Amino acid sequence: MSERNTVIENSLTSLLKDESFLPDLKAQTREQAFKSLVALLSTPNHVHKSYLRVALENGTIVRIPAFRVQHNDTLGPYKGGIRFHESVNESEVSNLARLMTLKNSLHELPFGGGKGGVIINPKKYSVKELNLICKKYVQYFNDILGPDKDIPAPDAGTGEREMDWMMAEYKNTHPGEPYRGSFTGKSIINGGSLGRKSATGKGVYFTFRYIMHDFLNEQEKWLQEQDNSFAENALKLKDKKMKVAVQGFGNLGSVAALEAFQCNYLQNEVVAVSDSNVMLYNSDGLDIPALVKFARDHDGDLPKTKEDLSEHKIKADLKERDSLLEINVDVLIMAALENQIHKDNMKKIKAPIIVEGANAPITEEADKYLSDSGTLIIPDILANAGGVIVSYLEWIQGRETQFYKEEQIYELLFERMQNTLDTILPQFFGDPFPLRQNCYIHSVMKLSTILFKQGKLY
Ligand code: NAD
């Protein structure tokens, strides 16, 4: 997981120099206050760690390390997913919790940032054991969770089944208290929201489309006047048929690929997709609906043999998985894992636009190299907030016990993402900072102002 603390520090340094920002903070007090802001936003409020005691079906009792990191609650209850993965560690969970604080602030959500993790490979446990692990997680972190304290959601290795189990345990351990808003990402029948599953993929594609179509068309003249290489590069792609590659074909990647395939605003050709096994390539464009159907029927996997392809009438070449990152396309949508573009492959990336669907898929070093070379990186904090936005809608619906239609959910999702984009884009194309830095500045500015107004910066 790449460190983003320097981005926070740089954002606060540029705000410190801007005398119109928090003008009441003067001279020494100002420097001191900004130093404490860096410390406050770079470190978590609480790191909770427990060893869950779980009796396995074979009779052995194991202790499984589990975390809940509560980064910052200036804007409201902590909010963020729980990851079940063997590589989970405290630093990764803390980094992801910090990203949640900044993401929620950027998109005007009334939540702080949190994240959880359990060090297991969920595939190695039976359903009964996983159920027990979920119950224990809630029992061990019982006092710190709740609809107005800390609201978890799914992340890698967890889904609606785990959220249903956890909410049920929360209900058991808090009799008579409100419980529907204690977890989001639940199944629909159990109080989940329509549209939650597709929200992140749809939001990722919406962000890309809004920048490359809506904003570019509306602001074309203004953009031509800017002395900004990102604006220049984006304008070169206007009205061009764009070749798109998508890394990862799970929940996020498959939805983003389908949105690109079906988009009426931009001419896209999705020429490559990959998963953990394989890359599929067709220079004339892949049949994405057929691949979505195949993956749905094959435990999420893409076809990995020539026989699979011919049996399902899918025209594609099978290629080495990681070569997807280096092919000649206009847009690369990252929808798999962290740290996929790094110092060893950054110089081979050809796409002028990269959309971060996954969290932190580009290391800090590669991010700097690519941004300096003029690659437009649409960052995770901006593009992949669809999940937490619809989680917020689920939380509201749980409190109101009234449920919205799926179209209403998407309308509210896109409206909120558009509001953020309309705030950030003019700022970004008008100044020399990369888009990520602009998002961080905006996010940190909001958090700092609230902390100042609450009298916490003296
Ligand atoms: P998922 O588990 O459904 O899908 C992951 C996909 O990536 C799978 O197709 C897998 O085969 C593929 N993959 C794994 N390693 C790969 C590799 N080296 N090369 C190519 N493909 C590889 O996960 P998801 O829900 O789609 O999430 C993807 C990423 O986005 C995760 O990092 C997640 O934390 C992040 N994210 C997801 C959401 C959400 O709501 N789903 C929200 C925010 C961020």
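Residues numbered from 1 in each chain as written. Predicted model: local features only at pLDDT ≥ 70, side-chain atom pairs only at ≥ 80, totals over all residues. Heavy atoms only, no water.

### Topic: the overall build of the protein chain
Rules: For helices the rule is a DSSP run of H or I covering at least 4 residues; for strands it is a run of E covering at least 2, with both sets numbered from the N terminus onward. Here the globule rule is a power law, 2.2 Å times the number of residues to the power 0.38, and the radius of gyration is based on C-alpha atoms. For every residue, the accessible area obtained with a 1.4 Å probe (protein chains only) is divided by the maximum for its type, and the residue is called buried under 20%, exposed over 50%, and partly exposed between those limits. Accessible surface area values rest on a Shrake-Rupley calculation with a 1.4 Å probe, where residue burial reflects the displayed protein chains alone.
Each helix and strand in the protein chain was counted, giving 16 helices and 12 strands. Computed over the C-alpha atoms, the radius of gyration of the protein chain is 22 Å, within 12% of the 23 Å expected from 2.2 N^0.38 for a compact globule of 458 residues. Overall size of the protein chain, expressed as C-alpha extent along the three principal axes, is 70 × 60 × 45 Å. Burial analysis of the protein chain (458 residues in total) assigns 57% to the buried set. Counting only carbon and sulfur atoms, one obtains 48% of the accessible surface of the protein chain, whose full area is about 19,900 Å².

### Quick word on the side chain of S187
Defined as follows: Whenever a nitrogen or oxygen atom comes within 3.5 Å of another N or O atom, the pair is scored as a polar contact, on the condition that within protein one atom can donate a hydrogen and the other can accept it, and that pairs from neighbouring residues in sequence are kept only if both atoms are in side chains. Should any heavy atoms of two residues lie within 4.5 Å, those residues are considered in contact.
Structurally, S187 can be placed in the loop between α5 (160-173) and α6 (196-218). Assessed through its relative accessible area of 10%, S187 is described here as buried. A polar contact is formed between the side chain of S187 and the side chain of D164, at a distance of 2.7 Å. Excluding anything up to four places from it in sequence, S187 contacts E160, D164 and G192.

### Describing helix α16 (residues 435-453)
What counts is decided by this rule: Given a helix with a known number of residues, its expected span is that number minus one, times 1.5 Å.
Taking 1.5 Å per residue as the helical rise, α16 with its 19 residues ought to reach 27 Å, and the 27 Å between its terminal C-alpha atoms agrees with that figure. Counting buried residues in α16 gives 14 out of 19 residues, a clear majority hidden from the surface.

### Re the site of the ligand
To keep it simple, the criterion reads: Nearness of a residue to a molecule or strand requires only that one of the residue's heavy atoms be within 4 Å of it. When residues are sorted by character, Ala, Val, Leu, Ile, Met, Phe, Trp, Tyr, Cys and Pro go into the nonpolar class, Asp, Glu, Lys and Arg into the charged class, and all the rest, Gly among them, into the polar class.
Residues in contact with the ligand amount to 22 residues; listed here are only the nearest, T200, F249, N251, L252 and S276. Within the contact set of the ligand, an oxygen atom lies 2.8 Å away from a backbone nitrogen or oxygen of L252. Between the ligand and S276, the relevant distance is 2.9 Å, taken from an oxygen atom to a main-chain nitrogen or oxygen of the residue. Contact with the protein chains hides 78% of the accessible area of the ligand, taken as 830 Å² for the molecule alone. Contributions of two or more residues to the shell around the ligand are made by α6 and α9 (251-262). Broken down by class, the residue content of the shell around the ligand amounts to six nonpolar, 11 polar and five charged.

### Focus: unusual backbone geometry
Positive phi, close to 45°, is recorded for A360, a residue that is not glycine. Here A360 lies in the loop between β11 (353-356) and α12 (364-372). Even without glycine at this site, T401 takes up a positive phi of about 45°. Inspection of the secondary structure assignment puts T401 in the loop between α14 (386-400) and α15 (406-430). A relative accessible area of 47% means that T401 is categorised as partly exposed.

### Thoughts on α5
Under the 1.5 Å per step criterion, the end-to-end length of α5 is 20 Å for 14 residues, consistent within 8% with the ideal 20 Å. Along α5, the positions that sit buried rather than exposed are E162, M163, D164, W165, M166, M167, E169 and Y170.

### As for the pairing of strand β4 (residues 113-118)
Here is the rule: When DSSP finds at least two bridges between two strands, those strands are taken to pair.
Across the six residues that make up β4, a large majority, six, are buried. Of the two faces of β4, the one lined by G113, K115 and G117 and the one lined by G114, G116 and V118 are each fully buried. Sheet topology places strand β2 (residues 61-72) next to β4; six bridges connect them, and they run antiparallel. In the sheet register, A66 faces β4, and the bridge partner there is V118. Where strand β3 (residues 78-84) and β4 come together, three bridges link them in parallel fashion.

### Some details on the sheet that holds β4
Which entries qualify depends on this criterion: Angles here are taken between N-to-C directions and fall from 0 to 180 degrees, while the axes themselves are lines fitted to C-alpha atoms, restricted in helices to the stretch in contact.
Pairing in this open sheet of five strands is mixed, and the strands run β1-β2-β4-β3-β5 from one edge to the other. Because the sheet does not close on itself, it has two edges, and the strands there are β1 (46-55) and β5 (150-154). The average angle at which neighbouring strand axes cross in this sheet is 25°, direction not considered. Running over the sheet, helix α3 (residues 90-106) touches β1, β2, β3 and β4 and is turned about 150° from β4.

### Overview of the pattern of salt bridges
Let me state the cut-off plainly: By convention in these notes, a salt bridge is any Lys or Arg side-chain nitrogen within 4 Å of a carboxyl oxygen on Asp or Glu.
The full count for this structure, using the stated rule, is 25 salt bridges. With its nearest N and O atoms 2.6 Å apart, the salt bridge here joins R68 to D150. Residue R68 is located in strand β2, and its partner D150 is located in strand β5; the two are separated by 82 residues in the primary sequence. Judged by relative accessible area, which is 0%, R68 ranks as buried.

### With respect to the packing of aromatic side chains
Applied cut-off: Working definition: a ring pair exists when centres of Phe, Tyr or Trp rings (six-membered ring for Trp) sit within 6.5 Å. Plane angles under 30 degrees give stacked, over 60 give edge-to-face, the rest tilted.
By the definition in use, this model includes 12 aromatic pairs. For the ring pair F111 and Y392, a centre distance of 5.8 Å and an interplane angle of 85° mean the geometry is edge-to-face. Of the two residues, F111 is situated in the loop between α3 and β4 and Y392 in helix α14; the sequence distance between them amounts to 281 residues. Residues F111 and Y392 agree in their burial class; the two are buried.

### A look at the environment of T6
Within the fold, T6 resides in helix α1 (residues 5-17). Assessed through its relative accessible area of 39%, T6 is described here as partly exposed. It is 18 Å that separates the C-alpha atoms of T6 and V93, two residues lying 87 residues apart in sequence.

### Regarding the packing of α14 against α15
For any two helices packed against each other, one specifies the inter-axial angle together with the distance between the axes. Note the following rule: When an angle is under 35 degrees it counts as roughly parallel; over 145 it counts as roughly antiparallel; between 65 and 115 it counts as roughly perpendicular; any other value is oblique. With the far helix as reference, a near helix turned anticlockwise by less than a right angle produces a left-handed crossing, and one turned clockwise produces a right-handed crossing.
Packing of α14 against α15 brings their axes to within 10 Å, and their N-to-C directions diverge by 125°. Put simply, α14 runs oblique to α15. Classified by chirality, the crossing of α15 by α14 is right-handed. Residue-level inspection shows G386, I389, V390, Y392, L393 and Q397 of α14 in contact with α15, the latter providing I409, L412, L413, R416 and M417. In terms of residue class, the contact of α14 with α15 is made up of eight nonpolar, two polar and one charged.

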